[in-house]
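Architecture and fold: a report
Letter by letter, the chains look like this.
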Amino acid sequence: MKFLPALCSFPFLLILQIVPIRPSFATTIVVLKTQSEIVAGADSMGLYLTGNRRMSNSFCKIHQVHDFFIANAGFYDTRAGQRLNIQELVTRVARKSDPLTVAVNRSSGAIAGALSQAISDAREDDGLYNVLVGGNVVTFFFGFEDGKPAAYANRFSVMTQPEHSKVPLIDGTYESCGPQCVPANGNPYLMHTRSEAMDEFRSKNLGLLRDDPVAFVRSMIFSDMAANKDRSGPPVDILQIDRNGPKWIEKKPNCP
C-alpha cells in the first residue's frame, strides 16, 4: 500500500470539550532512523488550556501502540475517552496485524476527522477557536516493518478561514522513511518538530549524527529547550528500538 499523498484538505465537522496543548507551546520531538535502529526523544513540557492555564513538565509524549510507537506534538487531549486523545485514537483504528504503513494510513484519516470535529465544535468558544485555528497536530509513527526500521510523520494544520466561512479546512502533510528508505547522503534519516534551533544544531553536528545517534537526539532536544524555554522543557525521554526490541535510555517515572 502506498503512503498517503503529500498534501490533502479535509472539510470540517464537529466535537465537544477538549483539553488541548496550545500549538505554540507544542513540544520538542526528534525521531532518527539508521539502517539498524530507531532513536526517538521528546521533552516534557505542555500547557493545559481549560480553566486556569497551567504549565506542566510531566507530559509523556512517546507511547507504544501494539508493536510500534507514536509521539505527539501540537494540541491534543490527554483525558481518557476524548476524541483528540491521539494515543487512544490510534490504538482503536490500527489493527494489531497491520503493517506499520497501513496503521499510519488508518490513523491519519482518523486524526484528521477528530480534529475536524474539534474545530467545528470550538466555534461556540471564541477563545478556544482562536487557539486552534492556525495550530496543528503532529504525530510521529516509528518501529520495525518487514524486519527493518521505519519512521513516518503526519502534520495536520488548521487553516485560517475567510470571514463568514462555515467550512474550515485542514491541510495534511506527510513524511516517510520506510524500511527500504536509504538517504542519498548515507546519513541517518531525521524527523523532528519544526525549530530553527534544531535545524541549526543538525547543520553543525553531522559527525555526531552519524557516529552517536543517542547522543545526537539528546543534544538536539536540549539545544531546542535552551532556545525555546517558553514551550519546551526537561526532563527528556529517549527510546531506542532495534531488532531486539525497544529499550528506554531515559524515561520519566510517571510514564507507562
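Provided above is the structure to which this section pertains.
Here the residue index of a chain counts from 1 through its sequence in written order. Only residues with pLDDT of 70 or above have their local features reported here, since the model is predicted, and side-chain atom pairs are shown and tallied only from 80 upward, although totals for entire chains, interfaces and linings are computed over all residues. Excluding hydrogens and water, the side-chain figures rest on all heavy atoms present in the structure.

1. Concerning the sheet that holds strand β12 (residues 237-242)
Whenever strands of a sheet pair, they do so through backbone hydrogen bonds, lying parallel or antiparallel. Read across the open sheet, the 5 strands follow the order β11-β2-β3-β12-β13; overall the sheet is antiparallel. Lying at the two open borders of the sheet, with one neighbouring strand each, are β11 (189-192) and β13 (245-250). The sheet shows a mean angle of 15° between the axes of neighbouring strands, taken without regard to direction. Here, residues are in contact when the closest pair of their heavy atoms is within 4.5 Å. Angular values range over 0 to 180 degrees, each being the angle between N-to-C directions of two axes fitted as lines to C-alpha atoms, with helices fitted over their stretch in contact. Only DSSP runs of H or I covering at least 4 residues are called helices, and only runs of E covering at least 2 are called strands; the numbering of each starts at the N terminus. Strands in contact with helix α6 (residues 213-227) are β2 (29-33), β3 (38-42), β11, β12 and β13; relative to β3, the strand with the most contacts, it is inclined by about 20°. Should DSSP find at least two bridges between two strands, the strands are regarded as paired.

2. A few points about the pattern of salt bridges
By definition, a salt bridge exists where a carboxyl oxygen of Asp or Glu is found within 4 Å of a side-chain nitrogen of Lys or Arg. A complete count under the given rule lists 6 salt bridges for this structure. One salt bridge connects D43 with K61, and the closest N-O pair in it is separated by 2.8 Å. In this pair, D43 is assigned in the loop between β3 and β4 (46-48) and K61 in the loop between β5 (54-56) and β6 (62-65), connecting sequence segments 18 residues apart. With respect to burial, D43 and K61 carry one shared label: buried. When a residue's accessible area, from a 1.4 Å probe over protein chains only, is under 20% of the maximum for its type it is buried; when over 50% it is exposed; and in between it is partly exposed.

3. Points about helix α1 (residues 86-93)
Working note: α-helix, 3.6 residues per turn, so residues spaced by three or four point in the same direction. Buried residues of α1: I86, L89 and V90, and no others. Down the axis of α1, the smallest arc covering the buried residues is 95°, so these residues share one side. Read the arc as the range of directions from the helix axis to the C-beta atoms.

4. A look at the packing of α1 against helix α2 (residues 100-122)
Any two packed helices are characterised by the angle at which their axes cross and by the distance between the axes. At a closest axis distance of 9 Å, the pairing of α1 and α2 adopts a crossing angle of 135°. Taken together, the axis directions place α1 and α2 in an arrangement best described as oblique. The two elements α1 and α2 cross, and the hand of that crossing is right-handed. In this structure, α1 contributes I86, L89, V90 and V93 to the contact, and α2 contributes R106, S107, A110, I111 and A114. Under this grouping Gly is polar, as are all residues other than the nonpolar Ala, Val, Leu, Ile, Met, Phe, Trp, Tyr, Cys and Pro and the charged Asp, Glu, Lys and Arg. A class-by-class count of the residues in the contact of α1 with α2 yields 7 nonpolar, 1 polar and 1 charged. An angle below 35 degrees is treated as roughly parallel, one above 145 as roughly antiparallel, one from 65 to 115 as roughly perpendicular, and anything else as oblique. Each helix crossing is assigned a hand: it is left-handed if the near helix lies turned anticlockwise from the far helix by less than a right angle, otherwise right-handed if that turn is clockwise.

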